[in-house]
Amino acid sequence: MTIIRRGTMTAAVMALGLTLAACGGSLTQDGSGKDDSDTIKLGMLTPLTGSSAAIGPHMKDGARLAVDEINAKGGIDGRKLSLTVEDEACDPKTAAAGAAKLVSAGVRISVGGYCSSATLPTLSIFEKAHIPMIIPAANSADLLAEQRRNVFLINGTGIQQAQAAAAFIKAGSSKGVALIDDNTSYSTDITKRTGDELGLLGVKVADHQSVTAGESDYSGAVNAVLGSKADFVYWTGYYQEGGLLIKQLRAAGYKGRIMVADGSVDGKLIEIAGKSNVQGVFATMTQTPQTIPGGEAWVATYKKKFGSEPGPYSTQAYDAVRVAAEAVRAAGSTDGQDVIEALEQIDGFEIFSGPLNFTLQHTLSVGGFDILVVEDDDFVLEK
Amino acid sequence: MNDESTLRAGEKPSVYVSAVEGRTPTNIAPSVTEAGASASSRTAVAELVSNSLASRCLGTGAAVAALALPLVSSSTYVIQIAVDALIFVMLAVGLNIVVGYCGLLDLGYAAFFAIGAYTSGLLSTRFGWPLVATVPVVVIAAIIAGLLIGGPTLRLRSDYLAIVTLGFGEIIRITANNLDFTGGPNGLYGIPDFGDFGLRADIALYWITAVVVIAAVLFSSRLGRGRIGRAWRFVREDEDAAEAMGIHTYRVKFAAYIAGAVFGGIAGVLFAAHQTAISPPSFNFLWSALILMAVVLGGMASTPGVVVGALMISLLPELLRGAENWRYLIFGLLLIVVMVFRPQGLLPAHPGEPRRRGRRAREGTS
Amino acid sequence: MNHLQLVLSGLFVGSFYALVALGYSMVYGIIKLLNFAHGDLYMVGAFAGFTVLSVGAGALGGGFVALIVIMIVAMIATGGFGMLLERVAYRPLRSAPRLSVLITAVGASFALEYGIAVAFGPTPEVYPVGVQDGTLHIANAQVTYAQLAMTAIAVVLMAALDTLVRTTRSGRAMRAISQDPKACLLMGVNVDRVISRTFFIGSALAGAAGVMAGAYYGKIDFLMGFVIGLKAFTAAVIGGIGNLRGAVLGAIVLGLLESFGVPTSAASGVTSSRSASSFSS
C-alpha cells in the first residue's frame, strides 16, 4: 500500500509538472521574439464570471464583430486577426493569471480591461512582455499614474466624465447635488472628481452617499438624499443597482432630477427601474450607435450576428479592435514598440466617440461625453 | 431565554449529529478528529499513507520539483499561476496551525493576509522602502493584529470564535476600502518586487517564493511535531483535560493564533510583490473560505494533505478557466463529491501521536 | 432627517432578513451546521418564482393573488431543493468532522450560484410583474401598500413557524433533536426525517423571501443570495444562533441599524463579538 501510494504521489507531482509544461522559454529574458505568423493575435480580458459577469459577453461580441469585419475585408496586410478572450472575474488575481495566459498564448495586443482594480495588476505583466494595451472600458486615473508607455485608454476618463457632468449640472442651476457611488473604484473616482469640479463651479454638494453593490435595499441612501433636500442626484455606479436606486428614489417621493454615469446606460436600467420612473433621467455617456447618424445599421448588424442588443462597452470593445488593427497597419508590424509609436501618432481615426487622438497621457483628447436622456425605452441625445 | 420556541444549542457546540450514528462514544474521540478515529479500518490506511507522505524523501522530492519548475517550463502563465499556488500553500499551511493543529475555527484568515500585503505595499510605495525591509514590520503588524483580535476572542468556544473572526475579516477589508491612505477601492499599485538577480523578474520572484514557502511548510510541520504541537493537539482534543494537565490553554491557543497570523502576513508580502497591485476585493470572505477549504479538503493537521489541498483549490479553477460559468459549478460539485467520499480529507493526518523516528523510537519509548 | 421613516424602512428590510435568518438559525439549532448555501436558496426561490411567472403569467394575471400562488409554488420548489441539498451534500457527512460539512456547504453555494448562472445567464432578470400600489401616509412618513403587504406576509409566515415549532409534534421533535440527537434516536424519533423537514421549512422560508424580494425590488441575479446570506447569518448571531425568536429580533435590529446608516458589516463584527462574549460564559 505504502509503495503504491508513494508511486501515485510521485506520479502526481510529475504529472503536475508535465501538464504545466507548455511552451519553453529562457530564464533570463522575456520570450516575445519575432512574430511572423499569418495571424495577428489579439487578447481580451473581460469579466465572464463573478459580479460583473453580465458585461463580459457584450464586450466579447463587440470585439468579435470588429475582428470578423476586418477579416472579411482581407485582414491587415493579408494577415488575419484572431481574438482570444480570458476571464478577469473583476478579481485582481484572476485577472493577473488571465493576462499571463494571454501573454503565453502569444497575444500581440491586448484589447481588454473592464474593472479598474482588476486591470491594475495586469499592466506590469503586459508591459514586461512588450504588449500594448488598448483598454476599452476601465478608465480609472490610477491606470495612468505610473505612466507606462504601453497603456492606452479609449474610454473617456473619470475626470472627463466628471467635467461633463459638472458642466451640465451647473447649466441646470441646481440648489444642491447628491452624489451616490457604489464603493467601487470606477464609481468613487467619478463622484470624487465631480465633487471637486462642482466645487470649482460653485455648485453646492448637498450629500455624498456610498451604497454597497449587490444589495437590493437602498432606503438608507434614499432617506439621506431626501433629508438633504438635494434636487439633483448623480449616480455613478452600474445599472443593476442604478435601476433599483431610481425606482426607490421615485417611490419615496423624490421629485428632482436624476443623472447616471456611463456604467448605468443600458436597457436593463429602464427595465429594472420601471419605465415610468426613469423617464427624463439623464446620463453622461460617450457616443453610442443610438446617438450617431448611421448607427442603426451597426446595431442591426450586431443584433443579426449575436441575437442580442449591444450592451455597455460593446462599442468600446469594437473600437479597441479597430484601433489595434489600424495601429498594426500603420506600424507595418506587430512589434510592441512599433505599435505603441503608431498608436501615439494616430490622428483622427474615426471611432464612436469621435476622431481619435491620444493625449500625452494616452487618454482620448476629447472625452466625447454627451448628455443623454431617457425617452420611452431608449437613451437619446439631450437637446 | 427559556421560551419554548428556542432551538437550543447543545452544551457542547461541536457535537454534530454524528453523535446519533457515532460509532464511538464522544468522550473518547470528540470533535475534530472524530472521523479519523471512528472508522478503524480506515485508521490503518490513513496511518500508512501519512507516514509514507511525511517521509523525508517525498517532501524533498516535492521541494525539488517546486524549485525545478522554471527549468521545465518558463512560460509566463505557468510561472504566474505557480506563484499564486505557492502563496496559497503558504496561507493554507498557516491556517492549518490555527484550525488543524489547535482546532480554532478562523473564518477571517484573509485579514492577516491583507495586513501583510497592505503593510508592505504602503511602506514600499508611499515611503520607498525596499520590499525586503518591510518584512520585519509586517511580522510585527501581524503579531499586533493577532494580539488585538485574539486577546478577547480566544477565550470563546470555537463557533463564536468563527463568527468574531468573520466579522474581523470584514472590518479589515472595509477599512481598507474606505481609507484614502490605503488607496480606497483601487488599493495600492506599483509595488516593487524583490529584485531580479539577473533573471527574468517573474522567475526570480518564483524562486524567492518557492524558497520561502518550502521553509514555511517545513517549519510548520516541525512546529506540529514538537512540544508546542503536542500541546495544540491536546487543546484541540479536550480543552478541559488539557487545562487539568497543566497546560496553559489560553497561552497555547494564542501561540497558534499568532503563528498563523505571521504566516498570513508573510504570504501577504509575497502576494503584494507578485500582484504589484492590491485592492480590497482580493481579501474578501471568499478568500478566507477558500483557504479554510484547502485545509479541510487536504486533511486537517496533515501537512502533506494541506499542501495538496491548497494546490487543488488554487489550480482547479485555473484549469477550468475555459468553462466560464461552468467553472465554479464544476468546482462546487467537485468539492461536494470529494468531501462525501473522503470526509476526513484527501490525505488525513493519522490520529494520535506521530511516530517518533530515530534513536528514541528504536529504544521503544514511543 | 425623518426618524419615523427610517424606523419604518428598517422594520420592512428587517422582516426580509428575518425570513432568511430563521432558516439559518433552524438548521444551526438542529444540526449545528452553518449552512453557507442558505442565502443561495433565497436566490433559487427568486428564480423559481421568476420561472413560474414567465411560464404562467397569462393564466395567473397580476396582483396579490397571483403573487401568493407563485410564492407557494416557489416555496415548495425551494424547500424541495433544500431537502435535496441536505440529502446529497450534508447527510452523508453526518458522522464526518464538522468542518467537512462546511466545505460541502460552500461547494453547494458555488454550485447553486453558477448553476443558475448557466441556466438563466449572468444578466440580471427583471420580474415580469411588480406590485404597484398606493402610498399610505403616517405622520410625516410614508409606507407603500406593497411594503405593508410584504411585511404582513412575513409576519404570518413567522407566526406559523413559531406555532409549528412550539405546539406541534414535529416541532417537538425538532426541539428534542436540537438538544440531544442521540437520545432522540433511542426514543424512536426518526431523526433523518425531522432534519429533512427542517431543511424543507427553512429553505421554503428563504424561497418565500426570494419571491418577495423579486416582486418588490424587481431585479434578481445569481449572486443576490450572497450578501443577504451574510446579513441573515449576522442577524441570527445577534439574536443568538439557534434561537428562532432571537433570529427575528436580530434581523429587525440589523434592518434598523442599516436604515440609520450604520455600516453593518463592520457593526456585525462588533455586535457579534459582544453577543459571542455573552454566550461564552
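This is a predicted model, so every value here is computed, not measured. Counting of residues starts from 1 at the beginning of each chain's written sequence and follows it residue by residue. A letter from A marks each chain and a number from 1 marks each ligand, given out in the order of writing. The predicted origin of the model limits local features to residues at a pLDDT of at least 70 and limits the giving and counting of side-chain atom pairs to 80 or more, whereas totals for whole chains, interfaces and linings rest on all residues. Hydrogen atoms and water are omitted, and side-chain values are computed over all heavy atoms in the structure.

Novice: Give a detailed account of the overall build of chain B, specifying residues and quantitative values.
Specialist: In DSSP terms, a helix is any run of H or I states spanning at least four residues, a strand is any run of E spanning at least two, and both are numbered starting from the N terminus. Assigned secondary structure in chain B consists of 16 helices and two strands. Taking all 366 residues of chain B together, the buried fraction comes to 59%. Every residue pair with non-hydrogen atoms within 4.5 Å of one another is taken to be in contact. Within chain B, contacts between residues separated by at least 24 positions form 76% of all contacts whose residues are at least 6 apart in sequence. All accessible areas in this document rest on Shrake-Rupley with a 1.4 Å probe, and a residue is counted as covered only by the protein chains that are shown. Put simply, chain B shows about 13,900 Å² of open surface, and 64% of that area lies on carbon and sulfur atoms. Each residue's exposure class comes from its accessible area (1.4 Å probe, protein chains only) as a fraction of the maximum for that residue type: buried when under 20%, exposed when over 50%, partly exposed otherwise.

Novice: So what about the pattern of salt bridges? Which residues, and what values?
Specialist: Take a side-chain nitrogen of Lys or Arg and a carboxyl oxygen of Asp or Glu: if they are within 4 Å of each other, that pair is a salt bridge. Here the structure, examined in full by the defined rule, presents 25 salt bridges over all chains. One salt bridge connects Arg-329 of chain A with Glu-326 of chain A, and the closest N-O pair in it is separated by 3.0 Å. With Arg-329 of chain A and Glu-326 of chain A both in helix H12 (residues 314-331), this residue pair falls three residues apart, about one helical turn. Between Arg-173 of chain B and Glu-170 of chain B there is a salt bridge; the shortest N-O distance is 2.9 Å. One end of the pair, Arg-173 of chain B, and the other, Glu-170 of chain B, are both in helix H8 (residues 158-178), three residues apart, so they sit about a helical turn from each other. Owing to a relative accessible area of 21%, Arg-173 of chain B belongs among the partly exposed residues under this scheme. Each member of the salt-bridge network shares a partner with another, and the members are Glu-86 and Lys-101 of chain A together with Glu-318 and Arg-321 of chain B.

Novice: Just give me the short version of the sheet that holds strand S14 (residues 378-381) of chain A, but keep the residues and values in it.
Specialist: Residue and element names in this part refer to chain A. Spatial ordering of the open sheet is given by S7-S6-S8-S9-S10-S13-S14, a layout of seven strands whose pairing is mixed. Whereas interior strands pair on both sides, the edge strands pair on one side only; in this sheet they are strand S7 (205-210) and S14. Strand-to-strand twist in this sheet, taken as the mean axis angle between neighbours without regard to direction, amounts to 25°. Think of it this way: DSSP has to see at least two bridges between two strands before they count as a pair. Bridging between strand S13 (residues 369-375) and S14 involves four bridges; their strand directions are antiparallel. Paired with Val-374 across the two strands is Phe-379, which belongs to S14. Lines are fitted to the C-alpha atoms to define the axes, a helix being fitted only along its stretch in contact, and any angle between axes, read from their N-to-C directions, falls within 0 to 180 degrees.

Novice: Now, about the interface of chain C and chain A: what can you tell me, with residues and values included?
Specialist: Each partner contributes to the interface: chain C provides 22 residues, whereas chain A provides 24 residues. Here's the idea: put two parts together, see how much 1.4 Å probe accessible area each one loses, and the total over both is what we call buried area. When chain C packs against chain A, the two sides together hide about 1,900 Å² of surface, and 59% of this comes from carbon and sulfur. By the criterion of area lost to chain A, the three top residues of chain C are Val-126, Tyr-217 and Lys-219 of chain C, representing 30% of everything that side buries. Taken together, the connections running from chain C to chain A amount to zero salt bridges. Of all the elements in the fold, those that place two or more residues in the side of chain C that touches chain A are helix H1 (3-31), strand S1 (125-126), helix H8 (191-217) and helix H9 (224-238) of chain C. Per-element accounting of the side of chain C that touches chain A gives the leading share, five residues, to H1 of chain C.

Novice: I'd like to hear about the packing of H12 of chain A against helix H13 (residues 336-345) of chain A, residue by residue, with values.
Specialist: Two quantities define a packed helix pair, namely the angle between the axes and the distance from one axis to the other. Residues and elements named next belong to chain A. Contact geometry of H12 with H13 gives a least axis separation of 8 Å together with a crossing angle of 110°. When the axis of H12 is compared with that of H13, the two are roughly perpendicular. Contacts from Val-323, Ala-327, Val-328, Ala-330 and Ala-331 in H12 reach Asp-338, Val-339, Ala-342 and Leu-343 in H13. Class assignment of the residues belonging to the contact of H12 with H13 gives a composition of eight nonpolar, no polar and one charged. If an angle is under 35 degrees, it is roughly parallel; if it is over 145, roughly antiparallel; if it lies from 65 to 115, roughly perpendicular; otherwise it is oblique. Put simply, Ala, Val, Leu, Ile, Met, Phe, Trp, Tyr, Cys and Pro go in the nonpolar bin, Asp, Glu, Lys and Arg in the charged bin, and everything else, Gly too, in the polar bin.

Novice: Outline unusual backbone geometry, listing residues and values.
Specialist: Even without being glycine, His-362 of chain A reaches a positive phi, approximately 70°. In this structure, His-362 of chain A sits in the loop between strand S12 (354-357) and S13. Phi at Ala-301 of chain B takes a positive value of approximately 70°, unusual for a residue other than glycine. Relative to the helices and strands, Ala-301 of chain B is located in the loop between helix H13 (285-298) and helix H14 (303-319).

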